[in-house]
Amino acid sequence: MVTCEFCNKEFKKKDSQINLSSRNFCSKSCCQQGNKKGKIVECFTCKTNIYKSLKDINSSKSKNYFCSRICSSVWIGKEHRGSNHPNWTTG
Ligand SMILES: [Zn+2]
Ligand SMILES: [Zn+2]
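Residues numbered from 1 in each chain as written. Chains lettered and ligands numbered in written order. Predicted model: local features only at pLDDT ≥ 70, side-chain atom pairs only at ≥ 80, totals over all residues.

(A) Region of the structure containing the overall build of the protein. Helix and strand counts for the protein come out as 4 helices and 4 strands. Sequence-ordered secondary structure for the protein, helices as α and strands as β, is β-β-α-α-β-β-α-α. The buried share among the 91 residues of the protein stands at 7%. Restricting to contacts in the protein with at least 6 residues of sequence separation, those with at least 24 account for 23%. (Helix = DSSP H or I, 4+ residues; strand = E, 2+ residues; numbered from the N terminus. Buried ≥ 20, exposed ≤ 12 C-beta atoms within 10 Å, placed from the backbone. Contact = placed C-beta atoms within 7 Å.)

(B) Quick peek at the pairing of strand β4 (residues 49-53). By the bridge criterion, 5 bridges tie strand β3 (residues 38-42) to β4 in an arrangement that is antiparallel. The residue of β4 that forms the bridge with G38 is S53. Between β3 and the antiparallel strand that follows it, β4, lie 6 residues; K47 among them carries a positive phi value of about 65°. (Pairing = 2+ DSSP bridges.)

(C) Examining the confidence of the model for the protein more closely. Per-chain confidence: the protein averages 83 in pLDDT, with 88% of residues scoring 70 or above. Put simply, helix α1 (residues 15-20) is where the protein has its lowest mean pLDDT, 72, and strand β2 (residues 10-11) is where it has its highest, 94. (pLDDT = per-residue confidence, 0-100.)

(D) Examining unusual backbone geometry more closely. Positive phi, close to 65°, is recorded for N8, a residue that is not glycine. Not every positive phi belongs to a glycine, and K63 is a case in point at roughly 60°.

(E) Structural detail: the environment of T45. Counting through the fold element by element, T45 comes out in the loop between β3 and β4. Taking the C-beta count within 10 Å as the criterion, T45 has 20 such neighbours and is therefore assigned buried.

(F) Structural view of the environment of N35. With respect to the helices and strands, N35 occurs in the loop between α2 (28-34) and β3. Residues N35 and F6, spaced 29 residues apart in sequence, show a C-alpha to C-alpha distance of 8.9 Å.

(G) Structural view of the environment of K14. Note on placement: K14 falls in the loop between β2 and α1. Classification of K14 by C-beta neighbours within 10 Å gives exposed; the count is 8. When the C-alpha positions of K14 and M1 are compared, they lie 9.5 Å apart, and in sequence the two are 13 residues distant.

And the structure:
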C-alpha cells in the first residue's frame, strides 16, 4: 500500500506504476491537483482535508482554512459568540 500524496488516502499501486513514477497519487485528479503549487490544509471546523492554492494561503489573514462557506461561518459564529445563554436562538 502507498499513500496518496494529495489526499493521503491509502491505495494499491501496481508495480508497473511504481516504476513509472516515484510520486504516489490514487487517481488522475489527485495527480493533477498534486502537481499544482499549493498545499493540503485541514478545514478548521470539520477537519476535512482541502486543497488551497498558494494564493489562497497567502491571502488568508487568520491562517485558518475552511472547506466551505458553511464551515467558515460556523467558525466565525463561534469566535464572535458573545453570550452563553442556552436559548439565545429563540425569539
Ligand atoms: Zn488521492
Ligand atoms: Zn469544513
